[in-house]
Amino acid sequence: MRKVFISWYFMKCQIFHSRMSKIDDKFMAQALKLAVLGGRSVAPNPMVGALIVKNLPGRPAGDRIIGKGWHQKFGGPHAEVNAIKSVRCKADLRGATLYVTLEPCRHFGKTPPCMNLIESVGITRVVCGSRDPFQKGRRPSEITFISGPIAKKCRELNKFFFTWVTRKRPYITVKIATSADGFVAGHNGEHIHFTSRAQDKYVHQLRAQHQAIMVGSGTVISDNPSLTVRYIIGKDPLRIILDSRKRVSKNAKVFKNKNYLHITKRTPLKTLFRQLAARGIASVLVEPGPTLYASLKKVGLIDALIVLKGSKKIGLV
Ligand code: ZN
């Protein structure tokens, strides 16, 4: 009889936990949507969204969102602060649950620690989508972490920030365009535009997502690109031109406005990326020619490789 009671009790517990985790996932997914609104305005800081919920099922009155907020710009108030501010009746915060896509800070940065504020307003449960590598030491007991696909999405959203903090270099995305039969240029090395309009739009989206874009001198000489964001609305990335042999003309389109870095000193790539990270650059999109691509591969500096295959064929001669 006792055995039956114990297994019944555990079954009840399991049902309760799976119901709780489904509810946690539902609210975290909504917080994630808020986080995305921060976009590149928060870089190199993370995008973070927060929801405040009162009276979860299992308690009387059901669940209700009483506040929401997100990190809107670099140096500005954190998502948790904005969410707490948005709650009309501050007494409602007592016993509420906070859903936040990234663990709240417990250190003094540009703003005071969010965890102090969370505790002082009476929030009793904090559900986080991802861990913050900045936060050291024992976590307060009210903090819990979700797992599963939504947690993965929370981590994925801030891959630039996590790489920047833990590896002291930017996240490096490499984009290559090829012909349908796998060539990157014409037979004489001449530039050929392989990609479709839709693929071009995607490239410009990538440019807008990254803080900087990097090319080698060969690409500037053969393609004369402007490396700006077009076809979509977005901020131009910082343009970085690697030109240790000083081959690029002053009249090249990449020098049209001041948002560029012309690297004329021979610098090892690892050092260069470390220097960029120190300047607050957490993401770089590289559009390399064969030489730069080989160098990046050799030193293992490719976090994501995007190959866009066009429909044109070059063919063998
Ligand atoms: Zn904070």
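Residues numbered from 1 in each chain as written. Predicted model: local features only at pLDDT ≥ 70, side-chain atom pairs only at ≥ 80, totals over all residues. Heavy atoms only, no water.

1. Observations regarding helix α4 (residues 149-157)
Of the positions making up α4, those classed as buried are Ile-150, Ala-151 and Cys-154. Buried residues of α4 fall within an arc of 105° about the axis and therefore sit on the same side. Turned more than 90 degrees away from the buried face of α4, the exposed residues are Pro-149, Lys-152 and Lys-153. (Buried < 20%, exposed > 50% of the residue type's maximum accessible area, 1.4 Å probe, protein only. Helix = DSSP H or I, 4+ residues; strand = E, 2+ residues; numbered from the N terminus. Arc of directions from axis to C-beta.)

2. As for the coordination of the zinc ion
Only His-78 (ND1), Cys-105 (SG) and Cys-114 (SG) from the protein reach the zinc ion as donors, at distances of 2.0 to 2.3 Å. Each donor residue of the zinc ion lies on the same chain, and together they follow the pattern H-x26-C-x8-C. With His-78 in the loop between β2 (64-70) and α2 (79-86) and Cys-114 in helix α3 (residues 114-120), this pair connects stretches of sequence that are 36 residues apart. Judged by relative accessible area, which is 23%, His-78 ranks as partly exposed. (Donors = N, O, S within 2.8 Å, 3.2 Å for Na, K, Ca; no water.)

3. Re the pairing of strand β9 (residues 260-263)
By the alternation rule, side chains of β9 split into Leu-261 and Ile-263, which are all buried, and Tyr-260 and His-262, of which none is buried. Across 4 bridges, strand β8 (residues 238-242) lies against β9 in parallel orientation. What sits directly across from Arg-239, in β9, is Tyr-260. (Pairing = 2+ DSSP bridges.)

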